[in-house]
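Tertiary structure, described
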Amino acid sequence: MIDVEKIRKDFPMLQNKKMQGHDLIYFDNAATTFKPQCVIDAVTHYYTDLSVNAHRGDYELSYQVDSEYEGCRKAVASFIHADEKEIVFTSGASNSLNLVAYGYKKFLKKGDVVLSCEAEHASNILPWMKVCEEVGCELCYIELDEEGRLPIENFRKVMNERVKVVALAQVTNVLGYEVPMKEICAIAHEYGAIVTMDIAQSAPHMSVDVKDIDCDFASFSAHKMCGPTGIGVLYGKFELLQKMDPFMVGGGSNARFDMCGNILLKDAPYKYETGTPAIEAVIGFHAAIDYLSAIGMDNIHQYEQELHAYAIEKLSKLDNLILYNPHADGGIITFNVKDVFAQDAASYFNSQGVAVRAGQHCAKLLMDKLNTSATLRASCTFYNTKEEVDRFVEVCKNATIENCLNVFF
Amino acid sequence: MSELMNDPMILRQIIMDHYQYPRNHELTHDDTYYTRHMASDSCIDDIHVEAKIQNHKIEDIRFDGVACTIATASTSIMSELLMGKTIDEANHIIENYHAMIDGKDYDEDLLEEAVAFHTVGKQANRIKCATIGWKAMEEMIAESEKNGK
Ligand SMILES: Cc1ncc(COP(=O)(O)O)c(C=O)c1O
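Residues numbered from 1 in each chain as written. Chains lettered and ligands numbered in written order. Predicted model: local features only at pLDDT ≥ 70, side-chain atom pairs only at ≥ 80, totals over all residues. Heavy atoms only, no water.

On the side of chain A, 21 residues touch chain B, which itself brings 22 residues to the contact. Summed over both sides, the interface between chain B and chain A buries roughly 1900 Å², with carbon and sulfur atoms accounting for 59% of that surface. Between the two partners, chain B and chain A, sit one salt bridge. Here Asp 344 of chain A makes a salt bridge to Arg 126 of chain B, at a shortest N to O gap of 2.6 Å. (Contact = heavy atoms within 4.5 Å. Buried area = accessible area lost by both parts, 1.4 Å probe. Salt bridge = Lys/Arg side-chain N within 4 Å of Asp/Glu carboxyl O.)

Residue and element names in this part refer to chain B. On the surface, Asp 107, Asp 109, Glu 112 and Glu 113 cluster together into a patch of negative charge. In this fold, Asp 107 is placed in the loop between α4 (87-101) and α5 (108-111). Judged by relative accessible area, Asp 107 falls into the partly exposed class, the value being 34%. (Patch = residues over 30% accessible without salt bridge, like charges linked within 9 Å, V, L, I, M, F, W, Y side chains within 5 Å. Areas by Shrake-Rupley, 256 points an atom, 1.4 Å probe, with all protein chains shown as cover. Lys, Arg positive; Asp, Glu negative; His and termini not counted. Charge placed at Lys NZ, Arg CZ, Asp CG, Glu CD. Helix = DSSP H or I, 4+ residues; strand = E, 2+ residues; numbered from the N terminus. Buried < 20%, exposed > 50% of the residue type's maximum accessible area, 1.4 Å probe, protein only.)

Further remarks concern the sheet that holds strand β3 (residues 57-66) of chain B. Residue and element names in this part refer to chain B. In space, the three strands of this open sheet follow the order β1-β2-β3, with antiparallel pairing throughout. The open sheet has two edge strands, β1 (34-39) and β3, and neither has a second partner. For this sheet, the mean angle separating the axes of adjacent strands, direction not counted, is 15°. Relative to strand β2 (residues 46-54), β1 runs antiparallel, the two sharing six bridges. The partner of Thr 35 across the bridge, within β2, is Glu 50. Against the sheet, helix α3 (residues 69-82) touches β2 and β3, its axis set at about 165° to β3. The strands that helix α6 (residues 127-146) touches are β1, β2 and β3; relative to β1, the one it contacts most, it runs at about 145°. (Pairing = 2+ DSSP bridges. Axes fitted to C-alpha atoms, helices over the stretch in contact; angles between N-to-C directions.)

The subject of this paragraph is the sheet that holds strand β5 (residues 113-117) of chain A. Residues and elements named next belong to chain A. Spatially, β4-β10-β9-β8-β7-β5-β6 is the arrangement adopted by the seven strands of the open sheet, whose pairing is mixed. The open sheet is flanked by β4 (87-90) and β6 (138-142), the only strands paired with a single partner. Direction aside, neighbouring strands of the sheet carry axes that sit 20° apart on average. Its contacts with the sheet place helix α4 (residues 93-104) against β4, β7 (163-169), β8 (194-198), β9 (217-221) and β10 (232-236), and it is angled at close to 155° to β9.

Let us look at the packing of helix α2 (residues 8-20) of chain B against α3 of chain B. Residue and element names in this part refer to chain B. Between α2 and α3, the least distance of the axes is 8 Å, while the angle of their chain directions is 85°. As judged from the angle between their axes, α2 and α3 are roughly perpendicular. For the pair formed by α2 and α3, the contact residues are Ile 14, Ile 15, His 18 and Tyr 19 on the first element and Thr 69, Ile 70, Thr 72, Ala 73, Ser 76, Ile 77 and Glu 80 on the second. Across the contact of α2 with α3, the residue classes tally to six nonpolar, four polar and one charged. (Parallel < 35°, antiparallel > 145°, perpendicular 65-115°, else oblique. Nonpolar A, V, L, I, M, F, W, Y, C, P; charged D, E, K, R; others polar.)

Residue and element names in this part refer to chain A. Surrounding the ligand, one finds Ala 93, Ser 94, His 121, Asn 173, Asp 198, Ala 200, Gln 201, Ser 221, His 223 and Lys 224. One of the side-chain nitrogen or oxygen atoms of His 121 is found 3.3 Å away from an oxygen atom of the ligand. A distance of 2.6 Å separates a nitrogen atom of the ligand from a polar atom in the side chain of Asp 198. Protein contact buries 84% of the 400 Å² of open area that the ligand shows by itself. A breakdown of the residues in the shell around the ligand according to their chemical character gives two nonpolar, six polar and two charged. (Near = heavy atom within 4 Å. Polar contact = N/O pair within 3.5 Å; in protein donor to acceptor, adjacent residues only side chain to side chain.)

With that out of the way, let us pick up the domain arrangement of chain A. Residue and element names in this part refer to chain A. Segmentation of chain A into domains returns domain 1 (4-31 + 296-406) and domain 2 (39-294). One C-alpha centre belongs to domain 1, the other to domain 2, and the line joining them spans 28 Å. Every contact between the two is made by 33 residues of domain 1 and, on the other side, 33 residues of domain 2. The interface formed by domain 1 and domain 2 holds one salt bridge in total. We note a salt bridge from Asp 329 to Arg 149, for which the minimum N-O separation is 3.3 Å. Counting across the domain 1 and domain 2 interface gives 18 residue pairs in polar contact (both at pLDDT 80 or more). Those elements giving two or more residues to the side of domain 1 that touches domain 2 turn out to be α11 (297-315), β14 (332-337) and α13 (364-370). For the side of domain 1 that touches domain 2, a count of residues per class yields 18 nonpolar, nine polar and six charged. (Domains from an automatic or database assignment.)

Right, let's get into the pattern of salt bridges. All names here are of chain A. Taken as a whole and judged by the stated rule, the model has 26 salt bridges over all chains. Here Arg 73 ties to Glu 273 by a salt bridge, and the two come within 2.8 Å at their closest N and O atoms. Residue Arg 73 is found in helix α3 (residues 60-79), and its partner Glu 273 is found in the loop between β12 (263-265) and α10 (279-295); the two are separated by 200 residues along the sequence. Of the two residues examined, Arg 73 and Glu 273, each falls in the buried class. Among the salt bridges present, the one from Asp 216 reaches Lys 237, with a minimum N-O distance of 3.1 Å. Separated by 21 residues along the polypeptide, Asp 216 in the loop between α8 (210-213) and β9 and Lys 237 in the loop between β10 and α9 (238-243) bring together distant segments of the chain.

Here it is in structure tokens:
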């Protein structure tokens with residue numbers, strides 16, 4: 001079990017922060033998480049103690065930067081059970097997801113199918129829309145059930161030889177359901193399709209084993225898992241990474257080139273890492289991975305599920321709320337206050353010191369399924385507490401339209 | 001006016017009234033109208049605004065869409081306030097409205113019910129809701145002036 005009170009001490013943002021005069025309750029962890037002091041220290045360590053470029057100099061400091069940089073790659077690899085050479089550093093999940101679509105494009109032809117679903121984040125759908133438009137492929141959606149879940153039978157039904165790519169999130173960012181990725185990969189591979197998995201919302205909350213799942217690609221961001229912004233990961237099976245094209249070339253990614261236009265790219269993962277990377281972020285990310293690993297991803301997952309069950313139990317007793325995903329697998333609670341537009345309610349939550357998000361959460365397509373133009377999303381993580389949930393429930397209770405308007409006066 | 005301004009109950013009532021019963025809340029789809037679709041990713045309000053502008057005068061304003069109380073009510077109030085005004089009058093009112101929102105000096109009497117939004121900046125991110133319909137109108141006025149009518 002985890003000791004939340006002890007954990008909270010590690011986060012400067014959890015020390016007596018106020019918002020609109022109230023103790024801050026941060027329930028927007030699906031957007032990004034707070035950083036523990038060790039991550040902040042690791043970032044400043046780079047600027048204070050190292051500060052030179054990676055992969056460049058032949059002097060001691062540069063060597064040290066290289067070894068810390070590559071040390072993070074090792075840590076990431078073992079975090080998701082991959083091999084070091086299969087870990088590409090990117091600027092974040094969106095960058096990784098775009099890289100897969102761009103890089104894999106050359107293996108697709110007119111008439112091929114890319115399969116996804118309506119609950120995906122824009123960053124996992126739009127790159128494929130573009131690829132489909134360019135190549136003449138078709139983008140098809142696996143039907144979700146009424147709850148918004150993706151049943152494996154629905155996937156099986158639409159799977160056929162024309163499908164070349166399956167693009168799905170392991171846990172979706174609006175409804176927080178876990179998709180049975182291992183089964184999906186097995187079925188997709190039988191048909192010769194590859195699977196690109198968006199783990200931006202799963203990697204921060206549970207242990208993910210890309211080898212066991214057997215996905216071909218996996219994308220995620222450090223900032224959603226206590227790490228710095230501006231750094232993310234693309235995992236790819238090494239053969240695939242070798243065969244694909246990077247969408248940027250230049251310094252750092254080429255081994256040789258001449259003035260006749262001959263370029264010899266480095267092997268993966270380096271051929272994808274052109275230009276000076278966010279070195280401080282990589283070093284900070286390593287600290288974040290160590291931090292999460294020390295707590296234990298299974299402990300984190302278990303705690304978050306308990307907290308979620310506690311919150312749902314209390315919230316489902318309120319008759320002024322609509323809960324869209326009471327059975328979510330992760331810590332995401334998507335809801336609305338009856339007869340109050342999401343944006344109005346969010347301002348009320350803000351006025352009470354509670355950070356939740358109003359919006360379409362990038363999954364615009366899904367809103368057609370839930371029949372609402374906007375929702376509120378409260379997302380908890382391992383440093384949130386039952387006491388915070390209690391106060392959140394009180395605020396929900398009082399979120400009348402009158403109170404929502406009173407915040408302006 | 002000033003007394004009303006400091007009575008949140010009354011101001012809240014004005015906003016609620018325009019939210020529940022928005023005025024001019026039906027589009028004409030008449031192609032002699034200027035139109036604007038106002039939507040952005042950072043803001044979940046999504047509205048269409050139409051305006052008929054002739055001889056430097058605003059003949060009609062309509063709007064429709066999915067929006068929060070502040071966006072709906074502020075657009076509804078704007079539609080009543082600017083309808084029938086000349087472009088010069090309208091620009092003057094719009095200027096005062098922005099001055100109010102930005103916490104600068106402004107003429108209360110010109111703004112009538114729109115004063116209900118004088119403290120909207122307390123929730124900084126909602127300023128965009130209180131100005132979304134107004135922005136649409138400004139753009140359409142600019143377009144009509146460019147067309148010379
Ligand atoms: C499921 C999912 N995929 C991708 C992303 C994009 O992540 P980033 O903005 O860090 O690139 C997000 C972030 O909200 C997400 O929730």
